[in-house]
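Take a look at the letters that make up each chain.
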Amino acid sequence: MTIEVRFFAAFRDLFGGRSRDLAVGEGATVGDALAVLCDTAARRRELFAGAGLRAHVVVMLNGAPVGALRGLATPLAPGDTLAVFPLLGGG
Amino acid sequence: MPDFPIPGYHGRVLVADLSLGEIRPVPLDPGTALSYLGGRGLATRLLCDTIDPACEPLGPDNAFVIASSPLVGSTAPTAGRGHMVFKSPLTGVIGTSNSGGTWGAAFKSAGYDALIVKGAAAEPVMIDLAPGRAEILPAGHVWGKTTHETNDVLAADAGPGRPARILCIGPAGENLVRFAAVANDRNRVYGRCGPGAVWGSKRLKAIRVRGREKIAAADPEKYKSGQEQAIYLLKQAPVTKRLMRDLGTAGLVELINLIAMLPHKNFQDCLHRDEDVDRVSGETLAKTLLEKAGSCYLCPIGCQRHTRVAGRDGGEERGEGPEYETVVLTGPLCGIYDLAAITRANYRANELGLDTMSYGGTLACAMELAERGLIGPEETNGIDLAFGSAEALETLVGLTARREGLGAALAEGAHRLAAGRGRPELAMTVKKLEIPAYDPRASFTQALGYMTSPTGACHLRGGYAVSLAFFGGAKEIPRFSLLQAPIAIRNMQNMGILQDSLGICRFTGYAFSADPWARMASGVTGRDLSVAKLEEIENRVATLERCFNLGAGATAEDDALPDRFADVPILVEGRERRVTREDQERMKRDYYAVRGWDAAGRPTPGLLRALRIEEARR
């Protein structure tokens, strides 16, 4: 199946674009998709600390933070949109 | 340090009565200092001791208080903020606002913990402060000048020695625009709740400070352990280490749009085209307008945006901003996606001394009134007032500051503008304060924050729920949890009270919580200011602010969102979301209980005793 991944802020430079379509296997999870994306040591280092996401990395599935779903184990469906961005502040 | 028993404080409060033309120091009560800490806490206590909360905000009976803290002016990171408290002419309840830059630290080094200004002068005046010297001087020569002109004239007039720091109003404050700001260091702004109008009503143009009095810690080792921990963590956390410097606060624009929270057309919906949002994003700002990042006093974060933009009539302009709130409230909220126009209007607002947030909220309200035929072409003098009109944004900022034409109506703020046309429900305000750039229908937590903020709809006093709901990492809470919102928002509000009372920056909260501050505060004062002790102070300040508001005539009915947020849903994650009146009532009831207030939102006598609060003077 294919999902769309959108990148924000510094992750656009890291992943070389604003968005891309990603092919993942049936039954794939958010963690699986991110593992496919992180195909270099630098990319993996920026997103992951061990098996989990780094503290400043926020991942949303169709607008919902995956932390409020099932985290990296959240299953994907065809046409899903995954957004990857660094923690940001403002006000 | 002089003969004050608590290190970190000078033990002196200045009291200026502009009606009498007198200014004199009085001792700071040590018990008051330790019970209210400084900044927002101490200033609120001193204001309650000085004025009747029922007073006329633009009359001589109102006062404002600026307070420092034991950390301000020390080597603690970001500890240079000044804090001002007053009765707001926009909202009629407590007004509280703060600003970065260097003025706050300079005020502390002039040898004072706080300044109370009451009464009103017959002619324009300024206050001039230095160690051992406090004077009220004529200021007719700068009356009518912009904040930048005033800053430059008064700094140059100060003569040789340490640089003088200037806090002043612009024409908007002089003209009693209800959301007029007070500015220091040219572009750092005490924005919200209309402090500039309070100054204008007193005919006070500026406060000039300079000094060299240093802070000595009672327990240098303890202080240093907290200070070094804080600096280490600020340099480790990605947001404070790099991201804020790269993108500034406007880096949030795209993300807030992504989570369906970016308001549009006076909060009619949250629907934007991605390509429009791109035009006003932090990334676009960084690529097209940013010259360099800058910092406030001892700040390693560096979120300031020093920018340049093409002038409206040719040439190039330089200035600071825009920040996230300004971008969204004077941009997409008004249907405008022209970053150059937003930036130029921001420059003008800083020079004229206007709060960009309330200006954006009021302009959006005016645009909706025009859309509904409630402001006719005969009032706009040829200005296109349709949503999306950058011409209106850039033209009306000056007219509002000068109260000319339609600007006279805008100068009253969104609530009075809409109520004057018989449609108060079209003002997107809580307690008459224009709502910040996060749609409350997209987060119950943020909704409750706006409802219960002591100053009206404010993300900084009410609780910045966005960071909790989406960016909090381990602290993450679901954004639609009625159950968790009251405690989460109480905790966020309390952290804000601590930060405001210590004179430090909100953004340190992205790196660490209260512990390093407790060490630093305990180390400076040599007193027990543990995290638990600080929490007691936070609760005391929150309840004292509530007492002030009740004394000013506010009731539980004022802790509510405009009808639109209960009646008109927006689409979030594929579901229609609104904050029903029942949901609002439930969250409010639980919040009051968490605070120890009764069902009508009144602090109980037992709580007042436990917190050792003397009620705000009636």
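Not measured: the values here are computed from a predicted model.

**Q** Would you mind going over the overall build of chain B in detail, with residue names and values included?
**A** Scanning chain B from N- to C-terminus turns up 27 helices and 19 strands. Radius of gyration (C-alpha) of chain B: 22 Å, near the 25 Å computed for a compact globule of 618 residues. Its C-alpha atoms give chain B principal-axis dimensions of roughly 65 × 55 × 50 Å. Within chain B, the proportion of its 618 residues that are buried is 65%. Across chain B, the fraction of contacts at a sequence separation of at least 24, relative to all contacts at a separation of at least 6, is 70%. When the accessible surface of chain B is totalled, it reaches about 20300 Å², and 49% of it is carbon and sulfur. Within chain B, the 73 negative side-chain charges are centred at a point lying 4 Å from the centre of the 73 positive side-chain charges.

**Q** Which residues make up the packing of aromatic side chains, and what values do they have?
**A** Inspection of every chain in the model, using the stated rule, returns 14 aromatic pairs over all chains. Centroid distance Phe11 of chain A to Phe15 of chain A: 6.4 Å. Interplanar angle 70°. Geometry classified as edge-to-face. Here Phe15 of chain A and Phe11 of chain A lie together in helix α1 (residues 10-15), a separation of four residues that amounts to about one turn. This pair shows no difference in class: Phe11 of chain A is buried, exactly as Phe15 of chain A is. Both rings, one in Phe512 of chain B and one in Trp517 of chain B, keep their centres 5.5 Å apart while their planes meet at 45°; by these two values the pair is tilted. One aromatic cluster is present, built from ring pairs that chain together Phe7, Phe11 and Phe15 of chain A. Taking the ring centre of Phe48 of chain A as reference, the NZ or CZ of Arg44 of chain A above it sits at 4.4 Å. Directly above the aromatic system of Tyr36 of chain B lies the positively charged group of Arg540 of chain B, at a separation of 5.9 Å from the ring centroid.

**Q** How would you explain empty space enclosed by the protein if you had to name every residue and give the values?
**A** Within this structure, the stated rule accounts for three cavities of 30 Å³ or more. For the largest cavity, the calculated volume is near 90 Å³. If you go around the largest cavity, you meet 14 residues; those closest to its centre are Thr452, Pro454, Ala542, Tyr591 and Trp597 of chain B. At the level of elements, α22 (485-502), α24 (531-551) and α26 (581-595) of chain B are the ones that each hand at least two residues to the lining of the largest cavity. If one sorts the elements of the lining of the largest cavity by residue count, α24 of chain B sits on top with four residues. The residue inventory of the lining of the largest cavity, partitioned by class, reads five nonpolar, four polar and five charged. If you add up the space inside the second largest cavity, you get close to 50 Å³. Lining the second largest cavity, in full, are Phe8, Ala9 and Leu88 of chain A together with Leu247, Gly251, Glu254, Ser281, Gly282 and Glu283 of chain B.

**Q** Help me get a handle on the environment of Gln499 of chain B, residues and values and all.
**A** Residue and element names in this part refer to chain B. Within the secondary structure, Gln499 is located in helix α22. Separated by 459 residues in the primary sequence, Gln499 and Arg40 have C-alpha atoms spaced 8.8 Å apart. Ignoring anything within four residues of it in the chain, the contact list for Gln499 reads Ile504, Cys505, Arg506, Thr508 and Gly509.

**Q** An account of the sheet that holds strand β11 (residues 188-190) of chain B is needed here, citing residue identities and associated values.
**A** Residues and elements named next belong to chain B. Taken together, the six strands give an open sheet; going across it, the order is β8-β7-β12-β9-β10-β11, and neighbouring strands pair in mixed fashion. On the outer flanks of this sheet lie β8 (133-138) and β11, each paired with one strand and no other. Pairwise comparison of adjacent strand axes, ignoring direction, gives a mean angle of 20° for this sheet. Direction of pairing for strand β7 (residues 125-130) relative to strand β12 (residues 204-209): parallel, over a ladder of five bridges. Considered in β12, the bridge of Asp128 is made with Arg208. Packing of helix α4 (residues 147-157) onto the sheet brings it into contact with β7, β9 (165-168), β10 (182-184) and β12, and relative to β9 it is tilted by some 140°.

**Q** Explain the pairing of strand β14 (residues 304-310) of chain B residue by residue, including any values.
**A** Residue and element names in this part refer to chain B. Where burial is concerned, most of β14 is hidden: five out of the seven residues are buried. Relative to β14, strand β13 (residues 290-294) runs antiparallel, the two sharing four bridges. If you follow Ala293 over to β14, its bridge partner there is Arg305. Note: β14 against strand β15 (residues 316-320), five bridges, orientation antiparallel. Looking at the pairing, Arg308 lines up with Arg318 of β15.

**Q** Tell me what's going on with the pattern of salt bridges, and back it up with residues and numbers.
**A** Residue and element names in this part refer to chain B. Counted according to the given criterion, the structure contains 51 salt bridges over all chains. The shortest N-O distance in the salt bridge between Glu174 and Lys205 comes to 2.6 Å. Here the residue Glu174 occupies a position in helix α5 (residues 171-174), and Lys205 occupies one in strand β12, the gap between them amounting to 31 residues. With relative accessibility at 0%, the residue Lys205 sits in the buried group. For Arg540, the salt bridge goes to Glu536, with nearest N and O atoms at 2.9 Å.

**Q** Which residues make up the nonpolar core, and what values do they have?
**A** Counting residues in each nonpolar core, the largest one holds 197 residues, and the members touching the most others are Phe64, Trp199, Ile207, Leu363 and Leu396 of chain B. The leading source of residues in this core is helix α14 (residues 356-371) of chain B, at eight residues. Filtering out sequence-adjacent residues up to four positions away, Trp199 of chain B remains in contact with Phe64, Ile66, Met84, Leu167, Cys168, Ile169, Val182, Leu204, Lys205, Ala206 and Ile207 of chain B. Counting 23 residues, the second-largest nonpolar core is a separate cluster that includes Phe11, Phe15, Leu37 and Val84 of chain A.

**Q** Give me the environment of Pro7 of chain B: which residues, what numbers.
**A** All names here are of chain B. Within the secondary structure layout, Pro7 lies in the segment before β1 (12-17). For the pair formed by Pro7 and Ala216, sequence separation is 209 residues and the distance between their alpha carbons is 7.0 Å. The contacts of Pro7, once residues within four sequence positions are left out, are Ala216, Ala218, Val524, Thr525 and Arg527.

What counts and how
- Residues numbered from 1 in each chain as written.
- Chains lettered and ligands numbered in written order.
- Predicted model: local features only at pLDDT ≥ 70, side-chain atom pairs only at ≥ 80, totals over all residues.
- Heavy atoms only, no water.
- Helix = DSSP H or I, 4+ residues; strand = E, 2+ residues; numbered from the N terminus.
- Rg over C-alpha atoms; globule rule 2.2 N^0.38 Å.
- Buried < 20%, exposed > 50% of the residue type's maximum accessible area, 1.4 Å probe, protein only.
- Contact = heavy atoms within 4.5 Å.
- Areas by Shrake-Rupley, 256 points an atom, 1.4 Å probe, with all protein chains shown as cover.
- Lys, Arg positive; Asp, Glu negative; His and termini not counted.
- Charge placed at Lys NZ, Arg CZ, Asp CG, Glu CD.
- Phe/Tyr/Trp six-rings, centres within 6.5 Å; stacked < 30°, edge-to-face > 60°.
- Lys NZ or Arg CZ within 6 Å of the ring centre and 35° of its normal.
- 1 Å grid on protein atoms, 1.4 Å probe; cavity = no way out; pocket = protein on both sides within 12 Å on 5 of 7 lines; lining within 4 Å.
- Points joined across faces, edges and corners; volume = space filled by probe spheres on them.
- Nonpolar A, V, L, I, M, F, W, Y, C, P; charged D, E, K, R; others polar.
- Pairing = 2+ DSSP bridges.
- Axes fitted to C-alpha atoms, helices over the stretch in contact; angles between N-to-C directions.
- Salt bridge = Lys/Arg side-chain N within 4 Å of Asp/Glu carboxyl O.
- Core = buried A, V, L, I, M, F, W, Y, C linked by side-chain atoms within 4.5 Å.

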